Amino acid sequence: VWFTGFGLSLAPILFAQYTCQVWATDLSTIAVQHLQQHQRICWEDTFHEWKEFLTTFQLEPPTFPPLTLKVQQADFCKYTPELPIDLILNSRSLLCLSPVLQERALQHFFEVLSDHGTLILECYSPPPKELYEHVRNIGFELSSLKHDSHRKTCWIKSILPKILPG
């Protein structure tokens, strides 16, 4: 699993705890340091927000420390993690790029993804129409996570932004 532009999310640690080999890259020094600092924090402090997820999927709390997490400050348009990559998760950072760089990044994701891999793009609702065009032009099959495909697929997940009071 490759987290591209993870920000302050602790999700890479959760995936690493469950024996996925995880690469987490971000341009931000602060994001990289934040994730590195949290690699060894105890379960209760770090994953209180994940308890419902774990209960739903009947997962046991992970063991420490995560052995399969590599965190690096890097540009996801240029960085290539160890192959093969079966899942790439990009949380909104792709949409911060110009259309030309978006297409370049999507092409790079396509090249490093395994033959049956999936790219999940998270964006604020609604996703720009150009994004769908870029994804199709590069060769991804647009699908939902429930779709069983024999090709490289891309799932575009729309989310509503969190609005804080005040």
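Residues numbered from 1 in each chain as written. Predicted model: local features only at pLDDT ≥ 70, side-chain atom pairs only at ≥ 80, totals over all residues. Heavy atoms only, no water.

1. What about the confidence of the model for the chain?
Threshold: The pLDDT value tells you how sure the predictor is about a given residue, anywhere from 0 up to 100. For helices the rule is a DSSP run of H or I covering at least 4 residues; for strands it is a run of E covering at least 2, with both sets numbered from the N terminus onward.
Of the residues in the chain, 79% have a pLDDT of 70 or more, and the chain-wide mean is 80. Helix H3 (residues 43-46) is the least confidently modelled element of the chain, averaging 52 in pLDDT, while strand E1 (residues 2-4) averages 94, the highest of any element.

2. Observations concerning the side chain of Thr-4
We apply this condition: Buried, partly exposed and exposed residues are distinguished by accessible area as a fraction of the type maximum, computed with a 1.4 Å probe on protein chains only: under 20%, between the cut-offs, and over 50%, respectively. Here a polar contact is taken to be a pair of N or O atoms separated by no more than 3.5 Å, where protein atoms must pair a possible hydrogen donor with a possible acceptor and residues adjacent in sequence count only if both atoms sit in side chains. What makes two residues a contact is simply this: any of their non-hydrogen atoms within 4.5 Å.
As for its position among the elements, Thr-4 is in strand E1. Taking the relative accessible area as the measure of exposure, Thr-4 reaches 0% and is therefore buried. At 2.7 Å, the side chain of Thr-4 forms a polar contact with the side chain of Asn-90. Not counting residues within four places of it along the chain, the set of residues in contact with Thr-4 comprises Thr-25, Phe-76, Ile-88, Leu-89, Asn-90, Ser-91, Ser-93 and Phe-109.

3. Some thoughts on the layout of surface pockets
So the rule is basically this: The pocket and cavity definitions rest on a 1 Å grid over protein atoms only: a 1.4 Å probe that fits but cannot leave marks a cavity, an open set with protein on both sides within 12 Å along at least five of seven lines marks a pocket, and residues lining either have an atom within 4 Å of a point. Grid points are joined across faces, edges and corners, and a volume is the space filled by probe spheres set on the points. Each residue is assigned to one of three groups, with Ala, Val, Leu, Ile, Met, Phe, Trp, Tyr, Cys and Pro labelled nonpolar, Asp, Glu, Lys and Arg labelled charged, and all others, Gly among them, labelled polar.
Volume-wise, the second largest pocket comes out at about 160 Å³. In this structure, the second largest pocket is lined by Gly-5, Gly-7, Asp-26, Leu-27, Ala-74, Asp-75, Phe-76, Cys-77, Ser-93, Cys-96 and Leu-97. For the lining of the second largest pocket, a count of residues per class yields 6 nonpolar, 3 polar and 2 charged.

4. What about the packing of aromatic side chains?
Applicable threshold: Stacked, edge-to-face and tilted are the three classes for Phe, Tyr and Trp ring pairs, Trp counted by its six-membered ring, which pair at centre distances within 6.5 Å; planes under 30 degrees apart are stacked, over 60 edge-to-face, the rest tilted. Each ring is checked for a lysine NZ or an arginine CZ that lies within 6 Å of its centre and within 35 degrees of its normal; such an atom marks a charge sitting over the ring.
For the coordinates displayed, the defined rule picks out 5 aromatic pairs. For the pair Phe-76 and Phe-109, a centre-to-centre distance of 5.6 Å together with 35 degrees between the ring planes defines the contact as tilted. Pair noted here: Phe-76 is in the loop between strand E3 (69-73) and strand E4 (85-91) and Phe-109 is in helix H5 (residues 99-112), with a separation of 33 residues, a long-range link. Relative accessible area serves as the criterion here: at 9%, Phe-76 is assigned to the buried category. Put simply, the rings of Trp-2, Phe-76, Tyr-79 and Phe-109 touch in pairs and so form one group of aromatic residues. Positioned above the aromatic ring of Phe-110 is the side chain of Lys-152, whose terminal nitrogen or guanidinium carbon lies 4.3 Å from the ring centre.

5. Observations regarding H5
The line we're drawing: Multiplying 1.5 Å by the helix residue count minus one yields the expected span of that helix.
Its 14 residues place the ends of H5 20 Å apart at the C-alpha level, agreeing with the 20 Å of an ideal helix rising 1.5 Å per residue. Turning to H5, its buried residues are Gln-102, Ala-105, Leu-106, His-108, Phe-109, Phe-110 and Val-112. Against E1, E4, strand E5 (113-124) and helix H6 (129-138) lie the buried residues of H5.

6. Thoughts on helix H2 (residues 29-38)
Going by this rule: The arc in question is traced by the directions running from the helix axis to the C-beta atoms.
For H2, the full list of buried residues reads Ala-31, Val-32, Leu-35 and His-38. For H2, the angular spread of the buried residues around the axis is 140 degrees, confining them to a single face. Turned more than 90 degrees from where H2 packs its buried face, Ile-30 and Gln-37 sit exposed. The distance from a side-chain oxygen at the start of H2 to the backbone nitrogen of Ile-30 is 3.2 Å, and the residue carrying that oxygen is Ser-28.

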